[in-house]
Structures are given as C-alpha cells and as structure tokens.
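These are the residues of each chain, in order.
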Amino acid sequence: MGDTLQMLLGRIDPYLLQIIVNIGIGIVLALGLNVITGLTGQLSLGHAAFMSIGAFTSALITIKLGLPFGVNLLITGAVSAAAGALIGYPILRLTGDYLAICTLGFAEIVKVIFLNLEITNKALGLSVPPPRSSIPLPIIVWLVVIIAVILVSFIHDSRFGRALKAIRGDEIAAEAMGINVVRYKVQSFAIGTFLAGVGGGLYAHFISYINPSDFGFLKSIDILGMVVLGGLGSIPGSIVGAAVLSAAPEFLRFMANYRMLVYGGLLVFMMIFRPNGLMGGINFTEIFLRALGRKPHMKTLTEKEKLP
C-alpha cells in the first residue's frame, strides 16, 4: 500500500507537494495556538519554542531509538505538553502583556539552550533521517491534520471548551462561577503545546534538517498571524489562515526581503475592514447548516457561554 501511495504522490509536482505539506503542518501549529490564544484568550509569543522542543525530540527519537513514527509523534507531543504544563503553571497566573513577555522570554531561553547542547549538535543543527513508516510523510501530515481538526472541534463544543471561552470573556467572573481558572488555563496550554510538538516533529522529518535558529521570534509571529488572519477562536479560520500564510512565502519569493512588511500590511488591512478575521465567529456547525440550506440556530449569550 505504501508503494501505491508513493506512486500516486509521485504524479504530483514536487513543488506543489511541498506547499501542500507546509500548509498541513501550518494548520496543526495554528490549531494548537488557537486553543491557547483564540479559545482561552491567553496571548502566547513563544509557540515556536514548543515546536522546537517537538522537532528536536522527534528527530532524536528517530536517530537514537528508531521507533515507529506514530509512536514517535505521540511521545513528541507528550514531551511538548509536559514542557507546556510545567512552564504554564507559574506564568499563566499572569495576563495580557506580562504573559506575552514571559512566553517570549521562554522561547529565547529554549533557543539558547538548544544552541549549546551537545545532543542537538549545538549551532550546527541536526540532519533528520526519514521517519520509520510505510505511509508516505505527506499522507501522515494530512492524517494528523484531520485528527487535530476533530480534536479541537470536540474541545470547542464541549463543556471544557465553554469554560475556556468563559475565561476568555472574564477571568474574575469565571472564577466566581466556580471555574478553576489556573487549572483550565494550564490544561489548554498543554493541549496547544501538544499540537505544537506534533507539528514540530512533522516539520523536522519533512525538512530533514533542523537548527535552533529556525524557531525564533519570527516563527512564533508567523503562527500567531495565521490564527489572527483566520479569526481568533475559529477552527475554519485557523485552517484558512494557515493555508494563506503557509503558501504566501512561495508566491512572494520575488520580494522575500519585504515579506514581513506585506504580512504587517495585510494584518492592518484586516484590523480595519475585518477585525474578527477572515472567518471570525464561524464554526463547522454553522458551515454545515448553511450547506444544507438551513439557518444556524440562534443562541442567547447565556446559552452560548453557559458554564459547566
């Protein structure tokens, strides 16, 4: 079966296939940050740090242990989630700019540590061998995308998700209603960093070479831009935002030095004309009902944000 899939993928232009895989990895990363920033309302500028933890963990598992790639990704995600919960418990007591600065500082600390560790080959980085799997990597990437979308959709519509949205709305009110704000914030941070770690593992094996400098501040801004462009809290928005910004560098190669300028102008334009993002406030339930020609059910604010 693996040979058949590989043969089918061989008929796709390699350049187009690379863009498709980059979009898939971007969607996984954006969905993870959407749980933290879009659903819970916690601004994180260090998402690339957890991506780097996942990338190096996955690469080292492949190099040292040679485990099957599915097991590799689960371990990678668990390690990133553990790191997220460990750092999240003290810093998630902060809010707003203070939280953003702490996550940014943590990302820089992780980058410097990886630049000085022998096991990560310091500043030279690591060459990553192909994953141990009979399924081609592009197929694995999109299987992970489907699983991630289903997982985040369940979270979004669950009691847990409603508690996160209550925290996003007003932490003091949520705590007054009996929600353990710190515990829920740490759990959402762990879920988001789990997906970041898995995305990092996919990225490492797709690129075949990783360097700590690849996971700097601008990488975190790229991922945050995907979430903001698509719409905070919107799962379809994260998919659209990731698709646009993952493919954009390929279409903007003729002005690569001004890429961030284009991104900034695009976000300013969005804030003026579409402040909620391209698909802000739109979820899969609403899309499904509209496809059937039915109007989405209207909910009162109390019902929509009902606490568990």
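Refer to the structure printed above.
Residues numbered from 1 in each chain as written. Predicted model: local features only at pLDDT ≥ 70, side-chain atom pairs only at ≥ 80, totals over all residues. Heavy atoms only, no water.

Participant: Mind laying out the overall build of the protein, listing which residues take part and the relevant values?
Facilitator: On a plain count of helices and strands, the protein comes out with 14 helices and two strands. Of the contacts made within the protein by residues no fewer than 6 positions apart, 79% connect residues no fewer than 24 positions apart. Per element, the accessible surface of the protein, about 15,300 Å² overall, is 68% carbon and sulfur. (Helix = DSSP H or I, 4+ residues; strand = E, 2+ residues; numbered from the N terminus. Contact = heavy atoms within 4.5 Å. Areas by Shrake-Rupley, 256 points an atom, 1.4 Å probe, with all protein chains shown as cover.)

Participant: How would you summarise the pattern of salt bridges if you had to cite specific residues and measurements?
Facilitator: One pass over the full model with this rule turns up three salt bridges. Across the salt bridge formed by Lys 111 and Glu 108, the nearest N and O atoms sit 3.6 Å from each other. Remark: Glu 108 and Lys 111 occur in helix H5 (residues 96-116); sequence separation between them is three residues, near one turn of the helix. Between Lys 185 and Glu 171 there is a salt bridge, and its shortest N-O distance comes to 3.3 Å. (Salt bridge = Lys/Arg side-chain N within 4 Å of Asp/Glu carboxyl O.)

Participant: Lay out the environment of Ser 158 with the relevant residues and their values.
Facilitator: Inspection of the secondary structure assignment puts Ser 158 in the loop between helix H6 (137-156) and helix H7 (159-169). Here Ile 155 takes part through its backbone oxygen, which lies 2.8 Å from a polar atom of the side chain of Ser 158. (Polar contact = N/O pair within 3.5 Å; in protein donor to acceptor, adjacent residues only side chain to side chain.)

Participant: Explain H5 to me, using residue names and the numbers behind them.
Facilitator: Helix length check: H5, at 21 residues, gives a terminal C-alpha distance of 31 Å against a target of 30 Å (1.5 Å per residue), a fit within 8%. When H5 is considered as a whole, its buried residues turn out to be Leu 99, Ala 100, Thr 103, Phe 106, Ala 107, Val 110 and Phe 114. Across the axial projection of H5, the buried residues extend over an arc of 125°, all falling on one side. Facing away from the buried side of H5 by over 90 degrees, the exposed positions are Asp 97, Tyr 98, Ile 101 and Asn 116. As for H5, its buried residues are in contact with helix H3 (47-65), helix H4 (69-91) and helix H9 (181-207). (Expected span 1.5 Å × (residues − 1). Buried < 20%, exposed > 50% of the residue type's maximum accessible area, 1.4 Å probe, protein only. Arc of directions from axis to C-beta.)

Participant: An account of the nonpolar core is requested, with residue identities and associated values reported.
Facilitator: Membership of the largest hydrophobic core comes to 66 residues, with the highest contact counts inside it found for Leu 31, Leu 202, Ile 210 and Phe 215. Core analysis: the second largest hydrophobic core is formed by eleven residues, Leu 39, Phe 160, Ile 179 and Tyr 184 among them. (Core = buried A, V, L, I, M, F, W, Y, C linked by side-chain atoms within 4.5 Å.)

Participant: I'd like a description of the environment of Ser 58, backed by residues and values.
Facilitator: The topology assignment puts Ser 58 in helix H3. For Ser 58, a relative accessible area of 0% corresponds to the buried category. Through-space distance from the C-alpha of Ser 58 to that of Val 128 is 9.1 Å; in sequence the pair is 70 residues apart. With residues up to four places along the chain from it excluded, the contact list for Ser 58 reads Phe 69, Asn 72, Thr 76, Gly 201 and His 205. At 2.8 Å, the side chain of Ser 58 forms a polar contact with the side chain of Asn 72.

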